[in-house]
Amino acid sequence: MPPAAAREERQVLTAYLTRNRLKRSAQREAILDAFLKAGQHVSVEDLLEIVRRRHPEVGRTTIYRTLKLFKEAGLASELLFGSEARFEPVWNRDHHDHFVCVACGRIFEFRSPEIERLQEEIATGIGFAIEGHRHHIFGRCRRCAARPRREPRATSTARR
């Protein structure tokens, strides 16, 4: 992440904190730095592991609350996949959609002008004004698709 971009995101956070009468803190700054450097879709656990390398005193709740704060400030987007939330940086980032592997959890970003054009075309046709969208396609990545699938174990219904 170029230093200028991180500086701009830090200014966005500072403005948000000031507007909401919240304090700046070394922990929030450290979490922001780690979040931006990760540059990918991170869970609370992922970010906790990264932050604790330099700041072992930071707890899971602090990470979670700070990511929610980043979301409210417009710096992050929360993606819910199953029971796990992932967060990604969104400030000054181009719109994109996601392929999500249901086996390993990896997330692949993609951009498709054709899909965007079709959405607009369909919306116009039905008189719908799009304000935003999220497009997630679930399946198996190349690596997981190459592995044989495990069959679910049969459960016994017979009583002994």
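Residues numbered from 1 in each chain as written. Predicted model: local features only at pLDDT ≥ 70, side-chain atom pairs only at ≥ 80, totals over all residues. Heavy atoms only, no water.

A short note on the packing of aromatic side chains
Alright, step 1. Scanning the model with the defined rule gives 2 aromatic pairs in all.
Alright, step 2. Between Phe35 and Phe70 the ring centres are 5.8 Å apart and the planes differ by 35 degrees, which places this aromatic pair in the tilted class. With Phe35 in helix H2 (residues 26-38) and Phe70 in helix H4 (residues 60-73), this residue pair connects regions lying 35 residues apart in the sequence. No difference in accessibility class separates Phe35 from Phe70, as the two residues are buried. (Phe/Tyr/Trp six-rings, centres within 6.5 Å; stacked < 30°, edge-to-face > 60°. Helix = DSSP H or I, 4+ residues; strand = E, 2+ residues; numbered from the N terminus. Buried < 20%, exposed > 50% of the residue type's maximum accessible area, 1.4 Å probe, protein only.)

Points about H2
Alright, step 1. Taking 1.5 Å of rise per residue, the 13 residues of H2 would be expected to cover 18 Å, and the 18 Å separating its terminal C-alpha atoms lies within 8% of that figure.
Alright, step 2. Listing the buried residues of H2 in full gives Arg28, Glu29, Ala30, Ile31, Leu32, Ala34, Phe35 and Leu36.
Alright, step 3. Taken from the residues just after H2, Gly39 is the one with a positive phi, measuring 55 degrees. (Expected span 1.5 Å × (residues − 1).)

Topic: helix H5 (residues 113-125)
Turn by turn, an α-helix covers 3.6 residues, leaving residues three or four places apart pointing in a common direction.
Alright, step 1. Spanning 13 residues, H5 covers 18 Å between terminal C-alpha atoms, matching the ideal 18 Å at 1.5 Å per step.
Alright, step 2. Two residues or fewer past H5, Gly127 is found with a positive phi of approximately 70 degrees.

Notes on the pairing of strand S1 (residues 76-81)
Alright, step 1. By the criterion of burial, S1 is predominantly enclosed, with 5 of the 6 residues buried.
Alright, step 2. Relative to strand S2 (residues 84-89), S1 runs antiparallel, the two sharing 6 bridges. Looking at S2, one finds that Leu80 is bridged to Ala85.
Alright, step 3. Counted along the chain from S1 to the antiparallel partner S2, the turn is 2 residues long, and its residue Gly82 has a positive phi close to 65 degrees. (Pairing = 2+ DSSP bridges.)

Comments concerning unusual backbone geometry
Alright, step 1. The phi dihedral of Arg21 is positive, around 55 degrees, even though this residue is not glycine.
Alright, step 2. Within the secondary structure, Arg21 is located in the loop between helix H1 (3-19) and H2.
Alright, step 3. When its relative accessible area of 79% is taken as the criterion, Arg21 is described as exposed.

Considering the pattern of salt bridges
Alright, step 1. Per the counting criterion, the structure on display carries 9 salt bridges.
Alright, step 2. One salt bridge in this structure joins Lys71 and Glu78, with 3.0 Å as the shortest N-O distance.
Alright, step 3. A salt bridge links Glu84 to Arg86; the shortest N-O distance between them is 3.1 Å.
Alright, step 4. In the salt-bridge network here, residues are joined through shared partners; they are Arg10, Arg24, Glu29 and Asp33. (Salt bridge = Lys/Arg side-chain N within 4 Å of Asp/Glu carboxyl O.)

Quick notes on the confidence of the model for the protein chain
Alright, step 1. Counting all residues, the mean pLDDT for the protein chain is 86, and 91% of those residues have values of 70 or more.
Alright, step 2. Counting interchain partners and residues more than four positions distant, the pLDDT-below-50 stretch residues 156-160 has 0 contacts. (pLDDT = per-residue confidence, 0-100. Contact = heavy atoms within 4.5 Å.)

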